[in-house]
Number of protein chains: 2
Amino acid sequence: MQTQKQHHVVIIGGGFGGLYTAKAFKNAPAKITIIDRRNFHLFQPLLYQVATGGLSPGDIAYPIRAVFSANKNVTVLNAEVLDIDPQAKEILLRDGKIQFDTLVVATGVSHHYFGNDEWAADAPGLKTIENALDIRSRILRAFEAAERESDPEIRRAWMNFVVVGGGPTGVELAGALGELANKTLKGDFRNIDPTEVNILLLEGANRVLPPYPPELSAKAQHALERLGVTVRPDALVTDVRPDAVVVKQGERTEQIATRTVLWAAGMQASPLGQVLANRAGVKLDRAGRVMVEPDLSLAGQPNIFVIGDLAHFAHQTGQPLPGVAPVAMQQGRYVAGLIKARLTGQPTTKPFEYFDKGSLAVIGRNAAVAQIGRLKINGYLAWLAWTFIHIWYLVGFDNKLLVMLQWAWNYITWNRGARLITEQVILPAQLNKTESEPVSQKLPLAK
Amino acid sequence: MQTQKQHHVVIIGGGFGGLYTAKAFKNAPAKITIIDRRNFHLFQPLLYQVATGGLSPGDIAYPIRAVFSANKNVTVLNAEVLDIDPQAKEILLRDGKIQFDTLVVATGVSHHYFGNDEWAADAPGLKTIENALDIRSRILRAFEAAERESDPEIRRAWMNFVVVGGGPTGVELAGALGELANKTLKGDFRNIDPTEVNILLLEGANRVLPPYPPELSAKAQHALERLGVTVRPDALVTDVRPDAVVVKQGERTEQIATRTVLWAAGMQASPLGQVLANRAGVKLDRAGRVMVEPDLSLAGQPNIFVIGDLAHFAHQTGQPLPGVAPVAMQQGRYVAGLIKARLTGQPTTKPFEYFDKGSLAVIGRNAAVAQIGRLKINGYLAWLAWTFIHIWYLVGFDNKLLVMLQWAWNYITWNRGARLITEQVILPAQLNKTESEPVSQKLPLAK
């Protein structure tokens, strides 16, 4: 399968970082293998739209194989990585091994529950397609339950929605929820008025969107309030139960009755960070992200790179770069360029430098906040910018086109046609069977 | 909740029959309740496109509430019906009861395994969104497994696909599978050539599409063969196992190694048919469909109607009407008209009459067969007719427009962007909890 002459670059992770690294090797004299446990690239920034019925999974995900169909030097491997051996330059998969000459790790981060993983059952996070469909079903089922409920107290609880975390994901989710309740579902029910929902956005810091300038945070909060969202800064969640969430603000502790809690807080690095710490002695930050060198390689491991959300890169500003797509894309291109330069015998020592095009967060229709260089914009203009920038970066042109149309349609009609409650059924017996067979060249199960 | 003066029409089932019945009551002086255990109407004829990654669930499903948002006399009830009491004019739900004055039952049919339900685990049928996503994952995982498999015999088994049943669903599924393998996935893999798949279509009768004229069946078989599908008439499946299917043709019994069997055979009426047999003494046919009167009511139960696939209506031709959408739509409109006439004191005795606009089946791009009156067409023209008729009947205009565009795009590019392998996760703990609570006005679980 491997040709011995060619340098073999293995990329772990099919997110923005991994995808842009592999793309940059087009026609390069190297063999590239990109490994992901899923068979598709997921456009995370629009995941909240799937969770609120505005888009379908197919609109924001694209098969990784299709991306590289024409790049014959790129092999896509649908597998799960269990361990990395820097000395042997070998990766252990759930169902096999693979050798590398150069390794790029781009497996990102996930949310976490501050050591209360038992909250996950009642407060799902938003990281995967499955999360989004689960959240979508919970939201829609809550309205169905309220419509059927005779006990006013329980009905009230079904109409209380709590979003934990005031970062971009939490803000976008709460905003979309406000639109869903106040516009899309208007008139759909006979016993309840969806506009009477309470949407509560809890943020531990003293304002939403902490990384943004204070005036933009204020604008974001104002826009959320116009959509019927109540913003609670300085609020810490101390317990999550099926029927309530307990919130601590300063000295005051309060229990809020709700049946729907959505989790958009906490950040936890991919387990491969810990693997690299154990195997390569690299340092991690408190979130488990890998401290990288100015060229994104590991200290003492010039052939292993970590990019994207999983990398803690503080050489430029003293602060770690934000976990956003543009950072991952630029790091992917940089690392690919560095590796190609080495292959041609002209190694570069130029450190990675992030060019910040600005940051954007959308609150809802016509409402977004943006910081582009020194320029701070909000309202319709920022929303328009957000929409087009995001759709532009969708991988796969057909997606771009159709999502833009879907978007335009939803915009005109307030419609969210994809608000389907779908069942979650058990894994096909056949696949469980495959899973339990002895480790060999068998079908890897996406985990 | 119910106003006593108004006549209460309860419709069970949000398919074509139920939807068109309820729609026909727009602005009528009656209270309508439409009950479905799912919260969306599913456009069954395009389900095979979801199963093969051409469309997303949101493209072919539409929230029932959204359909009737403006019809204030229509109440949508997301609930599961367990029993019907014609004497008490009462319906028992999983979580409550509801009274009716007139009842329309339109809960359709499903596939069945000829008494071998254990085959379901290895040979999923195509009736729900979940079925379609399960089948989609199985098909795509089979290619991933073949790409990773070193044992040529096992690799061969992963590349053998067996479709059981040569009716429209089986033919369309096999055709789409042929396009997926021969066009869409071309170039996506490095170790296998997707065009080397074997797609086997097994039909128990002596030709595919038995209800069609023989010359169209022959044309359909020819078109399937051009897509690399092997058609086997007179083939009976005697066993399905995780790694093989056993086929009996005449005296010859053969075992075919395969890891992917798709079930498109057998027809089993909704359990509510049996309920009506027990409670109202109505006769059922061998498939469990309800024998209805010329006006689609039940013998001795003028206020209970059965329409769509669940109804066995043979008064017109001596043969039961085919289980297709146009029959259900026309029966829905007829029953609604009959009930409205009764309400205005001018009961009609005109029996239902089906106007056959013709039948169509698609084999693949540019390939379809159609019978419109005496006219038999096939090839590109039939395919075009099929496409536009189907998209035209999609409920929800945004769907129509966007699906047509998605279709056009896929047509030009052979692309199937929605070919995502998604996980099936367990039901949210919260919902299981709700389910186990005592029966009351609680959240109904879609089953």
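K.L.:
Whenever I open this one, the overall build of chain A confuses me. Can you help?
P.N.:
Along the backbone of chain A there are 13 helices and 25 strands. In chain A, buried positions account for 59% of the 447 residues. Taking all contacts inside chain A whose residues are at least 6 apart in sequence as the whole, residues at least 24 apart take part in 63%.

K.L.:
Any chance you could explain the nonpolar core here in plain terms?
P.N.:
For soluble globular proteins, the rule of thumb is that nonpolar side chains tend to be buried together. Counting residues in each nonpolar core, the largest one holds 127 residues, and the members touching the most others are I84(A) and I91(A). Inspection of this core shows a minimum of three residues originating in each of domain 1 (7–37 + 79–111 + 268–356) and domain 2 (117–264) of chain A. I91(A) has contacts with V10(A), I12(A), I35(A), V81(A), D83(A), G96(A), K97(A), I98(A), F100(A) and L103(A), leaving out every residue within four places of it along the chain. Listed in part, the 126 residues of the second largest apolar core include F16(B), A132(B), L262(B) and L310(B).

K.L.:
I tried to follow the environment of I199(B) on my own but got confused; where do I start?
P.N.:
Residue and element names in this part refer to chain B. With respect to the helices and strands, the residue I199 is situated in strand β12 (residues 198–202). For I199, a relative accessible area of 1% translates into the label buried. Along the chain, I199 and L272 lie 73 residues apart, while their C-alpha atoms are 36 Å from each other.

K.L.:
Whenever I open this one, the pattern of salt bridges confuses me. Can you help?
P.N.:
A side chain of one charge can pair with a side chain of the opposite charge if their charged atoms are brought near each other. Under the definition given, this model contains 24 salt bridges over all chains. With a closest N to O distance of 2.4 Å, R279(A) and D83(A) form a salt bridge. With R279(A) in helix α9 (residues 272–280) and D83(A) in strand β6 (residues 81–85), the pair connects residues that are 196 residues apart, well separated along the chain. Between E144(A) and R65(B) there is a salt bridge, with the nearest N and O atoms lying 2.6 Å from each other. Here E144(A), found in helix α5 (residues 129–148), pairs with R65(B), found in helix α4 (residues 64–67), and the two come from separate chains. Of the two residues, E144(A) and R65(B), both sit in the buried class. Look at the salt bridges and you will find they share partners, linking R232(A), R252(A) and E254(A) into a network.

K.L.:
Just checking my understanding: could you explain the pairing of strand β21 (residues 301–306) of chain A for this structure?
P.N.:
Walk down a regular strand and you will see the side chains alternate between the two sheet faces. All names here are of chain A. Sheet analysis places strand β9 (residues 102–105) next to β21, joined by 3 bridges and oriented parallel. The residue bridging V105 from the neighbouring strand is V306, located in β21. Bridge count for strand β20 (residues 297–298) against β21 is 2 bridges, and the pairing is antiparallel. Along β21, the bridge assignment pairs S297 with F305.

K.L.:
Mind showing me how you'd approach the environment of V74(A) here?
P.N.:
Within the secondary structure, V74(A) is located in strand β5 (residues 74–78). Residue V74(A) is classed as buried on the basis of its relative accessible area, which comes to 0%. For V74(A) and A223(A), which are 149 residues apart along the polypeptide, the C-alpha to C-alpha distance reads 45 Å. Setting aside anything within four residues of it in sequence, one finds V74(A) in contact with A22(A), I32(A), I34(A), F68(A) and R190(B).

K.L.:
In this structure, what is going on with the domain arrangement of chain A? I would like to understand it.
P.N.:
Interfaces are frequently sized by the accessible area removed from exposure as the parts join. Domain annotation of chain A identifies domain 1 (7–37 + 79–111 + 268–356) and domain 2 (117–264). Each of domain 1 of chain A and domain 2 of chain A has a C-alpha centre, and the two are 35 Å apart.

K.L.:
How should the packing of helix α1 (residues 16–23) of chain A against helix α10 (residues 325–343) of chain A be read in this particular structure?
P.N.:
Geometrically, a packed helix pair is captured by the angle between its two axes and the distance between the axes. Residue and element names in this part refer to chain A. Relative to each other, α1 and α10 sit at 30°, their axes nearing to 7 Å. If you check the angle between α1 and α10, you find them roughly parallel. When the axes of α1 and α10 are compared, the crossing they make is right-handed. Residues F16, G17, Y20 and T21 of α1 pack against A325, A328, M329, G332, R333 and A336 of α10. The class makeup of the residues in the contact of α1 with α10 is 6 nonpolar, 3 polar and 1 charged.

K.L.:
Help me understand the sheet that holds β20(A), please; the structure alone is not making it clear to me.
P.N.:
Pairing between the strands of a sheet is mediated by backbone hydrogen bonds and can be parallel or antiparallel. All names here are of chain A. Strand order in this open sheet of 6 strands is β5-β2-β1-β9-β21-β20, and the pairing throughout is mixed. Here the strands that pair on one side only, and so sit at the sheet edges, are β5 and β20. Sheet analysis places strand β2 (residues 30–36) next to β5, joined by 5 bridges and oriented parallel. For I32, the partnering residue across the bridge sits in β5 and is V74. Contacting β1 (7–12), β2, β5 and β9, α1 runs over the sheet at an angle of about 160° to β2.

K.L.:
Before we go on, may I ask you to explain the environment of A287(B) in this structure?
P.N.:
Residue and element names in this part refer to chain B. Tracing the backbone through its elements, the reader meets A287 in the loop between α9 (272–280) and β19 (290–291). In the structure, A287 is positioned 69 residues away from D356 in sequence and 23 Å away in space, judged by C-alpha atoms. Setting aside chain neighbours within four positions, we find A287 in contact with M267, Q268 and A269.

K.L.:
Explain unusual backbone geometry to me, please; I cannot follow it from the model alone.
P.N.:
Leaving glycine out, the prevailing phi sign among residues is negative, and the prevailing peptide bond configuration is trans. The phi dihedral of D234(A) is positive, around 50°, even though this residue is not glycine. Its location among the elements puts D234(A) in the loop between β13 (229–232) and β14 (235–241). By relative accessible area, which is 42% here, D234(A) ends up partly exposed. Look at L296(B): it is not a glycine, yet its phi comes out positive at around 70°. Here L296(B) lies in the loop between β19 and β20 (297–298). Exposure remark for L296(B): the relative accessible area of 0% places this residue in the buried category.

K.L.:
Would you take a moment to explain helix α1 (residues 16–23) of chain B for this structure?
P.N.:
Given 3.6 residues per turn, any residue in an α-helix points the same way as the ones three and four places further on. Among the 8 residues of α1(B), 7 are classified as buried, and the element is accordingly described as predominantly covered. For α1(B), the full list of buried residues reads F16(B), G17(B), G18(B), L19(B), Y20(B), T21(B) and A22(B).

K.L.:
Even after reading the chapter, I still don't get the packing of aromatic side chains, so can you show me in this structure?
P.N.:
How two aromatic rings sit relative to each other is set out by the distance from centre to centre and by the angle between their planes. All names here are of chain A. Following the criterion strictly, the structure yields 16 aromatic pairs over all chains and no others. When the centroid spacing of 5.4 Å and the interplanar angle of 80° are considered together, the rings of F313 and F352 count as edge-to-face. Note that F313 is positioned in the loop between β22 (311–312) and α10 and F352 in the loop between α10 and β23 (359–364), a separation of 39 residues in sequence. No difference in accessibility class separates F313 from F352, as the two residues are buried. Aromatic ring contacts, followed pair by pair, group Y113, F114, W119 and W263 into a single cluster. Over the ring of Y20 we find K23; its NZ or CZ atom is 5.1 Å from the centre of that ring.

K.L.:
Help me out: how do you make sense of the side chain of Q301(A) in this one?
P.N.:
For Q301(A), the position within the fold is in strand β21. Contact partners of Q301(A), with chain neighbours within four places excluded, come to P86(A), Q87(A) and A280(A).

K.L.:
Is there a simple way to think about the sheet that holds strand β9 (residues 102–105) of chain B in this case?
P.N.:
All names here are of chain B. In space, the 6 strands of this open sheet follow the order β5-β2-β1-β9-β21-β20, with mixed pairing throughout. At either end of the open sheet lies a strand with only one pairing partner, and these are β5 (74–78) and β20. Where strand β1 (residues 7–12) lies against strand β2 (residues 30–36), 6 bridges are found, and the strand directions are parallel. Across the sheet, the residue bridging to I12 is I35, located in β2. Where α1 meets the sheet, its contacts fall on β1, β2, β5 and β9, and the angle it forms with β2 comes to roughly 160°.

K.L.:
Please clarify how α9(B) should be interpreted in this entry.
P.N.:
Residue and element names in this part refer to chain B. Looking only at α9, the buried set comprises L272, G273, V275, L276, A277 and A280. Here the buried face of α9 lies against β1, β6 (81–85), β9, β19, β20 and β21 (301–306). Looking one or two residues past α9, G281 carries a phi angle of roughly 65°, positive in sign.

K.L.:
Hey, could you run me through the confidence of the model for chain A in this one?
P.N.:
The predicted coordinates ought not to be read in detail in places where the model reports low pLDDT. All names here are of chain A. With 88% of its residues at a pLDDT of 70 or more, chain A shows a mean pLDDT of 87. Residue range residues 425–447 is modelled with pLDDT below 50. Its contacts to residues more than four positions away, or to other chains, number 61 contacts. Interface confidence for the predicted complex, expressed as ipTM, amounts to 0.83; the pTM equals 0.86.

The rules behind these values
Every residue gets a number counted from 1 within its own chain, in the order that chain's sequence is written. Key to labels: chains lettered from A, ligands numbered from 1, both in the order written. Note on the predicted model: pLDDT of at least 70 is required for a residue's local features to be given, and 80 or more for side-chain atom pairs to be given and counted; whole-chain, interface and lining totals, by contrast, use all residues. Excluded from the side-chain calculations are hydrogens and water; all other atoms, namely the structure's heavy atoms, are used. Here a helix means four or more residues in a row that DSSP labels H or I, a strand means two or more in a row labelled E, and each is numbered from the N terminus. Type-normalised accessible area, obtained with a 1.4 Å probe on protein chains alone, sets the label of each residue: buried when under 20%, exposed when over 50%, and partly exposed for intermediate values. Whether two residues touch is decided by their heavy atoms; if any such pair falls within 4.5 Å, the residues are in contact. Residues grouped as a nonpolar core are buried Ala, Val, Leu, Ile, Met, Phe, Trp, Tyr and Cys residues, joined through side-chain atoms within 4.5 Å. The domain limits used here are those given by an automatic or database domain assignment. Any carboxyl oxygen of Asp or Glu within 4 Å of a side-chain nitrogen of Lys or Arg constitutes a salt bridge here. Here, any two strands with at least 2 DSSP bridges between them count as paired. Here an axis means a line fitted to C-alpha atoms, over the contact stretch when the element is a helix, while the angle between two N-to-C directions is reported on a 0 to 180 degree scale. In this scheme, roughly parallel covers angles under 35 degrees and roughly antiparallel covers those over 145, while 65 to 115 is roughly perpendicular and the rest are oblique. In this scheme the handedness of a crossing depends on how the near helix is turned from the far one: anticlockwise by less than a right angle means left-handed, clockwise means right-handed. Three residue categories are used. Nonpolar comprises Ala, Val, Leu, Ile, Met, Phe, Trp, Tyr, Cys and Pro, charged comprises Asp, Glu, Lys and Arg, and polar comprises the others, including Gly. Pairing of aromatic rings covers Phe, Tyr and Trp, the last through its six-membered ring, and needs centres within 6.5 Å; plane angles under 30 degrees mean stacked, over 60 mean edge-to-face, and all others mean tilted. In our convention, an over-ring charge means Lys NZ or Arg CZ found within 6 Å of a ring centre and within 35 degrees of that ring's normal. Per-residue confidence from the predictor is reported as pLDDT, a score between 0 and 100.

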